[in-house]
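Residue strings, one per chain:
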Amino acid sequence: ILYKREINFSESNLPENFSGSVLARIRYRQPLQSCRIDGSCAVFEKPQKGVAAGQSIVFYNNEEVLGGGIIEI
């Protein structure tokens, strides 16, 4: 799948039961993208290109890193 709007992730280091709207990136130096975290799923406002299992997903509050996880497909 070339584009994905919903991305599941594991091995998260976010606080337990964290949910809400954040910014995220799935590639180094990618512009930050708006998404919503719901459990171990990130739902992006715009579909993300080139999502692959094993990549990291990193979540931000503005420029502050909140945590991240490993993408599962």
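This text goes with the structure placed above it.
K.L.:
Sorry, what's going on with the sheet that holds strand E1 (residues 3–10) here?
P.N.:
The pairing of strands in a sheet happens through backbone hydrogen bonds and is either parallel or antiparallel. Within the closed barrel, the six strands sit side by side as E1-E4-E3-E2-E5-E6. Their pairing is antiparallel. With strand direction ignored, the average angle separating the axes of adjacent strands in the sheet is 45°. Alignment of strand E5 (residues 56–61) against strand E6 (residues 64–72), held across six bridges, turns out to be antiparallel. In the sheet register, Tyr-60 faces E6, and the bridge partner there is Val-65.

K.L.:
Could you clarify how one ought to interpret the nonpolar core in this entry?
P.N.:
In summary, soluble globular proteins display a tendency toward joint burial of nonpolar side chains. Ranked by internal contacts, the top residues of the largest apolar core, which has 14 residues, are Phe-9, Ile-26, Cys-35, Ala-42, Phe-44, Ile-57 and Phe-59. Not counting chain neighbours up to four residues away, the residues in contact with Ile-26 comprise Ile-7, Phe-44, Gln-48, Lys-49, Val-51, Gln-55, Ser-56, Ile-57 and Ile-71.

K.L.:
Help me out: how do you make sense of unusual backbone geometry in this one?
P.N.:
Leaving glycine aside, a negative phi is the common case for residues, and trans is the common case for peptide bonds. Even without being a glycine, Asn-17 presents a positive backbone phi close to 60°. Inspection of the secondary structure puts Asn-17 in the loop between E1 and strand E2 (19–25). The residue Asn-62 is not glycine, and still its phi comes out positive at about 60°. As for its position among the elements, Asn-62 is in the loop between E5 and E6.

Conventions used here
Residues numbered from 1 in each chain as written. Predicted model: local features only at pLDDT ≥ 70, side-chain atom pairs only at ≥ 80, totals over all residues. Heavy atoms only, no water. Pairing = 2+ DSSP bridges. Helix = DSSP H or I, 4+ residues; strand = E, 2+ residues; numbered from the N terminus. Axes fitted to C-alpha atoms, helices over the stretch in contact; angles between N-to-C directions. Core = buried A, V, L, I, M, F, W, Y, C linked by side-chain atoms within 4.5 Å. Buried < 20%, exposed > 50% of the residue type's maximum accessible area, 1.4 Å probe, protein only. Contact = heavy atoms within 4.5 Å.

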